[in-house]
Amino acid sequence: MRFVIPLIIFLTMVIFLGIGLKLDPREVPSPLIGKPAPAFELPQLADAGKRFGKDNLKGQVSLLNVWASWCVSCRQEHPLLVELAQKNIVPIYGLDYKDSREDGMAWLSRLGNPYVLSAFDADGKVGIDWGVYGVPETFVIDQQGVIRHKHTGPITEEAWQKTLLPLILKLQKEGSAA
Amino acid sequence: MIAELGHFSLVMALMMALLQAVFPLWGAQRRLSAWMAVAVPAGRAQFLFLLVSIVCLGISFVNNDFSIEYVAKSSNSSLPLYYRIAAVWGAHEGSMLLWAFTLGLWTCAVSIFSRSLNEEMLARVLGVMALVSIGIELFILFTSNPFDRLVPSPVDGNDMNPLLQDFGMTIHPPMLYMGYVGLSVAFSFAIAALLGGSLDSAWARWSRPWTLVAWVFLTCGITLGSWWAYYELGWGGWWFWDPVENASFMPWLVATALLHSLAVTEKRGAFKAWTVLLALFAFSLSLLGTFLVRSGVLTSVHAFAADPSRGLFILIFLALVVGGSLLLYALRAPMVKDNARYALVSRENLLLLNNILLVTASASILLGTLYPLVLDALGLGKISVGSPYFTTVFVPVMGPIFLLAGIAPMFGWRQAEPGRIFKRARWVFLASFGLGVSLVALSWNPADFKSMAGLSMAFWLASSALLSLYSRVSLRANPLDGLRSQSPSIYGMTLAHLGAAAFLVGAVMSNQYSVEKIVRLAPGETTELGGYRFKFEGVKEVAGPNYRAKEGSFQVFEGEQAVAELKPQKRVYKVQRNTMTEAAIDPGLLRDLYVALGESMEGGAWSVRVYVKPFIRWIWLGGLLMMAGGLCSAADRRYRLQARQAEFADGGLAGAKAG
């Protein structure tokens, strides 16, 4: 009997590892979910003279995508964002995080601009308020300006179809009902 | 073309591995010599195809062939040549190819150096290694092919991760893999012995040198990794209990236990079932390490590519290999009889205690590494287990190991006389502890019991290792004769134990007496730390091949005498736009001076991190000594001689059976 013990222990471990595979270790719950978006006021990327702030997010369901020209995963995610922007389902706002203005602009003109507009967060202070710890990150914000969901890492086709799109459609319906 | 050749070679290697698994294993079961004879040529052919494959990938990197997705992802035309070659294993796909190649290399080595094995054993060993090869090659071909083309191909590549652009990091993965994969040899010997029902001391004698060499590589890989973390990550730490580090440390602990247990099985014929189990565990933990690192079930500072489909593949592979071998163990091990007799107080039992402690240490690390995962799987929330847990569970287990390692070599096999040993060792014991306590009390801090215990333990281990060597040598009248008559494995053991002592000194002293300071310095200003004066001379721009850097310059004085000039850098890599901190270190046997640039401030000032770390170099010096010890033991001629004698014995037996 005692010779079977290692096998049993191992099989238990495999079960947990198997469950672990389905979980995403990067999916750390954000304390901001269900709370109003943190206040911010930033210059726009394309035009330093114009401002963009929390109040601009109210009144519609929107996505806020945190990106940067130095971020490799953002490049991977970018084509999907461009595609989504063309479908006009939901406005996507950008937050260019810890970047330089020229690099950010060059990046958008080379790869296409899916954003209604991008706010320019040069020193990353707004990113800290939003609890950004890895780029890219995407927030879903409802009509009242409340953060309803946070996606860490590049948006995949699967995440879009299974999580983000249904949530956005639901929120849009809620909004129109109210 | 070259990529296709590489891809084709990989497929061919898989075919060879299939031949190498099916015919020899079936042949050994049916005692068909011709079938068993396939093992050696198939194993060598598999190695050659893997060699061609990895060389093809290397050529693609050297030629900057960015039409290959993997090359485009992890290299760049401005990357210096040696990093382009090292980029072959700089990311997931290539490092898995390196894994497969390393296994091929070990297979080839076994086929060359095991002429003394009987044909059944050799066929089974190579067959089991081939099964592992098949799994890993299928994994590469189906989920992580490094030869995939990218259409359209980019003009230039995405560059290698700047963290990895460093000498230590270029040779760390090959060393580590040589160790990880090398444990597959001991694993295959164990499986082969279980299959054949021939768990005897000849099996232990064959396994021992292979395990030793794999252990040396593993030690080397871990030491390099820790050294790299120290000077490259820029935090001045040398071990972080990161899941990826733990993944290499767990097999090391079990392999260390295995080495000691193999000695008992070889010399005394005891602990057979236990030794087999350790051999299975050691390689299983290597595979588990690969799974943890490659599947992304755990997050870590190493943050390699995480892909659930890959994870599932490795998990199934892991389940088959480990589950299968443990099932075989459950079926066969009850038949193994230990015929050795030994008293309660004997070297056998002390080594058993050592084994239990090492395995406990390894199990507690495994627990800490998997605990967050288990909690998450049960829906109990996300936590991370950090160094407080590991130091709390690890230190109490390691303490007795160091005590034991000192005393155990003085105990005889079978039965020992503790009274005599106590009499011989007590003065050394008391002197070590007296020296440790008084040294700490007089030079540093009279209330620092941790350092006192640590240093005393290190002195005890070192002096008892030398004492036990002395008592062996003094059996001969002429000391030179005595020295010459000792076998290399005795010297190996002494060196390795001295290495463990040196490591302990480094770990304790650098932990307790490192001082650090974060200061704002303008050019011309100085700061004092640990008896040294650091003068900041300013920052200038320098250009590297694929980065720009701001290089600071510091003069370090001890009293009025200049002792070092340090030039830490802050680099910005052009392609990935990562900012990297290159610390500048003035190494020394007694202390390291370590300076890293932080952020630039107004008026040409910088925030600067300064560390003085006493004895930290001893940590890696200990690693070197352990490696030297391992090599020394592996070079023991007795393995070759006895292996040859075993061959005669087997030949005689087989002849008798045939007759």
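Residues numbered from 1 in each chain as written. Chains lettered and ligands numbered in written order. Predicted model: local features only at pLDDT ≥ 70, side-chain atom pairs only at ≥ 80, totals over all residues. Heavy atoms only, no water.

## Considerations on a nonpolar patch on the surface
Here comes step 1: Nonpolar side chains collect at one region of the surface, where Met1, Ile2, Leu48, Leu51, Val55 and Ile59 of chain B lie side by side and expose about 540 Å² of accessible area between them.
Here comes step 2: Looking at the nonpolar patch element by element, the count peaks at four residues for helix H3 (residues 39-62) of chain B. (Patch = residues over 30% accessible without salt bridge, like charges linked within 9 Å, V, L, I, M, F, W, Y side chains within 5 Å. Areas by Shrake-Rupley, 256 points an atom, 1.4 Å probe, with all protein chains shown as cover. Salt bridge = Lys/Arg side-chain N within 4 Å of Asp/Glu carboxyl O. Helix = DSSP H or I, 4+ residues; strand = E, 2+ residues; numbered from the N terminus.)

## Quick notes on the packing of helix H8 (residues 167-196) of chain B against helix H9 (residues 201-232) of chain B
Residue and element names in this part refer to chain B.
Here comes step 1: Running from N to C, H8 and H9 point in directions that differ by 155°, and their axes come no closer than 7 Å. When the axes of H8 and H9 are compared, the pair comes out roughly antiparallel. Here H8 runs over H9; the crossing is left-handed. (Axes fitted to C-alpha atoms, helices over the stretch in contact; angles between N-to-C directions. Parallel < 35°, antiparallel > 145°, perpendicular 65-115°, else oblique. Left-handed = near helix turned anticlockwise from the far one by under 90°.)

## Quick word on the sheet that holds strand E8 (residues 584-586) of chain B
Residues and elements named next belong to chain B.
Here comes step 1: If you walk across this open sheet you meet the four strands as E1-E10-E9-E8, and the pairing is antiparallel. The outermost strands of the open sheet, each flanked by one partner alone, are strand E1 (515-521) and E8. The average undirected angle you get between the axes of adjacent strands in this sheet is 20°.
Here comes step 2: As paired elements, strand E9 (residues 591-600) and strand E10 (residues 606-614) share eight bridges and run antiparallel to each other. Paired with Leu597 across the bridge in E10 is Val608. (Pairing = 2+ DSSP bridges.)

## Points about the side chain of Arg268 of chain B
Residues and elements named next belong to chain B.
Here comes step 1: On the secondary structure map, Arg268 appears in helix H10 (residues 243-268).
Here comes step 2: Residue classification places Arg268 among the buried positions, given a relative accessible area of 16%.
Here comes step 3: The residues contacting Arg268, other than those within four sequence positions of it, are Ala263, Ala340, Arg341, Glu348, Trp413 and Arg414. (Buried < 20%, exposed > 50% of the residue type's maximum accessible area, 1.4 Å probe, protein only. Contact = heavy atoms within 4.5 Å.)

## Description of the environment of Thr360 of chain B
All names here are of chain B.
Here comes step 1: Examined against the element boundaries, Thr360 turns out to sit in helix H13 (residues 347-377).
Here comes step 2: The exposure class of Thr360 is partly exposed, given its relative accessible area of 38%.
Here comes step 3: Separated by 2.5 Å, the side chain of Thr360 and the backbone oxygen of Ile356 make a polar contact. (Polar contact = N/O pair within 3.5 Å; in protein donor to acceptor, adjacent residues only side chain to side chain.)

## Some points on the confidence of the model for chain A
Close reading of the predicted structure is inappropriate where its pLDDT is low.
Here comes step 1: Confidence in the prediction for chain A averages 83 pLDDT; 91% of positions are at 70 or higher.
Here comes step 2: Looking across chain A, the model is least confident in helix H4 (residues 125-129) of chain A, with a mean pLDDT of 80, and most confident in strand E3 (residues 62-67) of chain A, with 92. (pLDDT = per-residue confidence, 0-100.)

## With respect to the sheet that holds strand E6 (residues 137-141) of chain A
Residues and elements named next belong to chain A.
Here comes step 1: The mixed open sheet is built from five strands, whose spatial order is E5-E4-E3-E6-E7. Each end of this open sheet is capped by a strand with a single partner; those strands are strand E5 (118-121) and strand E7 (147-152). Direction aside, neighbouring strands of the sheet carry axes that sit 20° apart on average.
Here comes step 2: Most of the contacts of helix H3 (residues 101-111) go to E3, to which it runs at about 120°, and overall it touches E3, strand E4 (92-97) and E5.

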